[in-house]
Amino acid sequence: MSKPLRILVPIKRVIDPQLRPRINAAGTAVQKTGVQFSVNPFDDIAVEEAVRIREAKKVPVESIHAVSIGPAKAQEALLTAMAKGADSSTLVDAQDSELEPLAVAKILRELVVQQKIDLVIMGKQATDSDNNNTGQMLAGLLNWPQATNAARVELDATGTRATVTREVEGGEEVVSAALPLVVTTDLRLNTPRYVTLPNKMKAKKKPMAKLNLAAFPGVDSAARLNLLRFEEPPARAPGTVVASVDELLAKLREAKAV
């Protein structure tokens, strides 16, 4: 039996994905005032998976540590993660900085080393930027194996190796890798639990460390990508009701679709 696992779960505070983002009048930014925020759905799944690994008792889990890099209000997301089962958390206060994936990955690398992490479980992407590359960058920086877009995660009895099922075009792919390991989660991995009020109250008593970007002097937070403008997607043309198959075929030929 190996030593108990130490799991790190990075989470991000994003605009609630059920809401339609609003762009400011100048088209230079997405409005973030007066809107509801929540835990990034893919990260919520990652928290659930970490807790399920512990609850399965197949391998011992020493700790589940959640981390969020963002504004001070991101501590709300960390409290949610701890209410669901994380033992402790770290808030890296980036204030209003919109850190790019490489900077986030470098900060996570430092925390992985400090926390002596064996397994990182994180969402494959955030619903605000949809970059889908922080996990891959983190694995590269750590020189760890990675299993992305996980639809199922299974650890062996020794807790030293994981088998991950990934959904790919036309089927599934099963990969096996030794720990330490970075896993990124897909939507079909699990269904996150709801937070109960008693657990919310207990979460407030769990430790939450607070750092800022100055604690990571080797991380360059300067933006490498310049966003020029935000635009609404073009409106879809209204549909047409046809009376017969012949009329449908005529319309398709007119649109050069057949």
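What comes next concerns the included structure. The model shown is predicted, which means the values in this text are computed figures rather than measured ones.

Within strand E5 (residues 88-93), five of the six residues are buried, which leaves the element mostly enclosed by the surrounding structure. Two strands pair when backbone bridges link them, and strand E4 (residues 61-70) and E5 are joined in this way by six bridges, in the parallel orientation. Residue pairing for E5: His65 is matched across the bridge by Ser88. The parallel pair E4 and E5, bridged by helix H2 (residues 75-84), forms a crossover whose chirality is right-handed. Relative to strand E11 (residues 208-212), E5 is paired through five bridges, and the arrangement is parallel. Bridged to Val92 within E11 is Leu211.

Within a pair of aromatic rings, the relevant descriptors are the distance that separates the centres and the angle that separates the planes. If you walk through the whole model with that rule in mind, you get zero aromatic pairs. Lying across the ring of Phe37, Arg13 places its NZ or CZ 3.7 Å from the centre.

Taken together, the nine strands give an open sheet; going across it, the order is E9-E8-E7-E10-E6-E1-E4-E5-E11, and neighbouring strands pair in mixed fashion. On the outer flanks of this sheet lie strand E9 (171-178) and E11, each paired with one strand and no other. Strand-to-strand twist of the sheet, defined as the mean angle between neighbouring strand axes without regard to direction, takes the value 35°. Here five bridges tie strand E6 (residues 119-123) to strand E10 (residues 181-185), and the two strands are oriented parallel to one another. Note that in E10 the partner of Ile121 across the bridge is Val183. Most of the contacts of helix H3 (residues 101-115) go to E4, to which it runs at about 150°, and overall it touches strand E1 (5-11), E4, E5, E6 and E11.

Turning our eyes to something else, we now look at the pattern of salt bridges. Counted according to the given criterion, the structure contains 15 salt bridges. Glu110 is the partner of Arg109 in a salt bridge, and the nearest nitrogen-oxygen pair spans 3.7 Å. Since its relative accessible area comes to 26%, Arg109 is described here as partly exposed. Looking at Glu110, the relative accessible area reads 31%, which means it is partly exposed. Via salt bridges that share partners, Glu48, Arg52, Glu55 and Arg193 belong to a single interconnected network.

This part is about the nonpolar core. Counting 37 residues, the largest nonpolar core has Ile7, Val9, Ile11, Ile53, Ile64, Leu119 and Val183 as its most contacted members. Counting only elements with at least two residues in this core, the list comes to E1, helix H1 (41-56), E4, H2, E6, strand E7 (146-155), strand E8 (161-168) and E10. Among all residues touching Val183, those that are not within four sequence positions of it are Leu119, Val120, Ile121, Met122, Ala147, Ala150, Val153 and Val164. Val92, Leu99, Val112 and Val182 belong to the second-largest nonpolar core, a separate cluster that totals 23 residues.

Scoring rules and cut-offs
Residues numbered from 1 in each chain as written. Predicted model: local features only at pLDDT ≥ 70, side-chain atom pairs only at ≥ 80, totals over all residues. Heavy atoms only, no water. Buried < 20%, exposed > 50% of the residue type's maximum accessible area, 1.4 Å probe, protein only. Helix = DSSP H or I, 4+ residues; strand = E, 2+ residues; numbered from the N terminus. Pairing = 2+ DSSP bridges. Right-handed = clockwise from strand over helix to strand, strands pointing away. Phe/Tyr/Trp six-rings, centres within 6.5 Å; stacked < 30°, edge-to-face > 60°. Lys NZ or Arg CZ within 6 Å of the ring centre and 35° of its normal. Axes fitted to C-alpha atoms, helices over the stretch in contact; angles between N-to-C directions. Contact = heavy atoms within 4.5 Å. Salt bridge = Lys/Arg side-chain N within 4 Å of Asp/Glu carboxyl O. Core = buried A, V, L, I, M, F, W, Y, C linked by side-chain atoms within 4.5 Å.

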